[in-house]
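A structural walkthrough
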Amino acid sequence: MKRISLDEYFLKIAMVVAERSTCLRHHVGAVAVKDKHLLSTGYNGAAAGLKDCLELGCLRDAKNIPSGTRIEICRAIHAEQNVVIQASLHGVSLEGATVYCTHNPCAWCAKALVNAKIKRFVSFANYADKSFLDLFKEAGVRVDVLEKPSSSISFLE
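I will try to describe carefully the structure that is included in this document. (Residues numbered from 1 in each chain as written. Predicted model: local features only at pLDDT ≥ 70, side-chain atom pairs only at ≥ 80, totals over all residues. Heavy atoms only, no water.)

1. Let's talk about the overall build of the protein
Each helix and strand counted, the protein has six helices and seven strands in total. Helices and strands appear in the protein in the N-to-C order α-β-β-β-α-α-β-α-β-α-β-α-β. Relative to the 2.2 N^0.38 estimate, which gives 15 Å for 157 residues, the radius of gyration of the protein is 15 Å and therefore close to what a compact globule would have. The dimensions of the protein, computed from C-alpha atoms along their principal axes, are 45 × 45 × 30 Å. Counting contacts in the protein only where the partners sit at least 6 residues apart, residues at least 24 apart contribute 54% of the total. (Helix = DSSP H or I, 4+ residues; strand = E, 2+ residues; numbered from the N terminus. Rg over C-alpha atoms; globule rule 2.2 N^0.38 Å. Contact = heavy atoms within 4.5 Å.)

Written out as structure tokens, the structure reads:
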């Protein structure tokens, strides 16, 4: 039995976090990590206490809006935004952290992550908007797009 790498470990955790998503299009999960410690988690869904797409349906689907465009129409807060918000609510700085996310970020999320001063972004799935690459390059945020980890969990009983 081979031990998984830290990158695979934290990407798998992001995959589990994504299972809480209330989005009907994409389940996205994110975790912020520093010095091998989990700082914050986030998934995409409506603001706390508000009705979500599971209850109301997807407004973007109803209007035939393609993925990666007109994101202001969506009622969901993105996973990357939530990972920053949750850290902030609990007084945790993300400066110097790595964010592991199931998908690459949109431009708005990339800006929030740059302002949170993360140093690295790791994902395995692409998003329709690629503008984050130039922003992260200019800000000095390292980007690694890795293979999707296995969804199976290996453990000894």
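What follows continues from the structure just given.
2. Concerning the packing of helix α5 (residues 107-115) against helix α6 (residues 132-139)
Two elements in contact, α5 and α6, have axes whose closest approach is 9 Å; the angle formed by their N-to-C orientations is 15 degrees. The angle between α5 and α6 falls in the class roughly parallel. Crossing handedness for the pair α5 and α6: right-handed. Along the contact surface, α5 presents A107, A110, K111, L113 and V114, while α6 presents F132, L135, F136 and A139. The residue makeup of the contact of α5 with α6, split by class, is eight nonpolar, no polar and one charged. (Axes fitted to C-alpha atoms, helices over the stretch in contact; angles between N-to-C directions. Parallel < 35°, antiparallel > 145°, perpendicular 65-115°, else oblique. Left-handed = near helix turned anticlockwise from the far one by under 90°. Nonpolar A, V, L, I, M, F, W, Y, C, P; charged D, E, K, R; others polar.)

3. So, the pattern of salt bridges
This model, assessed by the stated rule, comprises five salt bridges. For E72, the salt bridge is made with R70, and the minimal N-O distance between the two is 2.6 Å. Where salt bridges share partners, they join D7, R120, R142 and D144 into one cluster. (Salt bridge = Lys/Arg side-chain N within 4 Å of Asp/Glu carboxyl O.)

4. Observations regarding the pairing of strand β6 (residues 120-125)
When you tally the buried positions in β6, you get six out of six residues, the bulk of the element. Pairing of strand β5 (residues 98-103) with β6 involves five bridges; the strand directions are parallel. Residue pairing in the sheet places H103 in a bridge with A125 of β6. Regarding the hand of the β-α-β motif, the stretch spanning β5, α5 and β6 is right-handed. Looking at chain direction, β6 and strand β7 (residues 142-145) are connected through four bridges and run parallel. (Buried < 20%, exposed > 50% of the residue type's maximum accessible area, 1.4 Å probe, protein only. Pairing = 2+ DSSP bridges. Right-handed = clockwise from strand over helix to strand, strands pointing away.)

5. Here we look at the environment of A97
Tracing the backbone shows A97 in the loop between α4 (79-89) and β5. Note: C-alpha distance between A97 and H37 (60 residues apart in sequence) is 9.6 Å.

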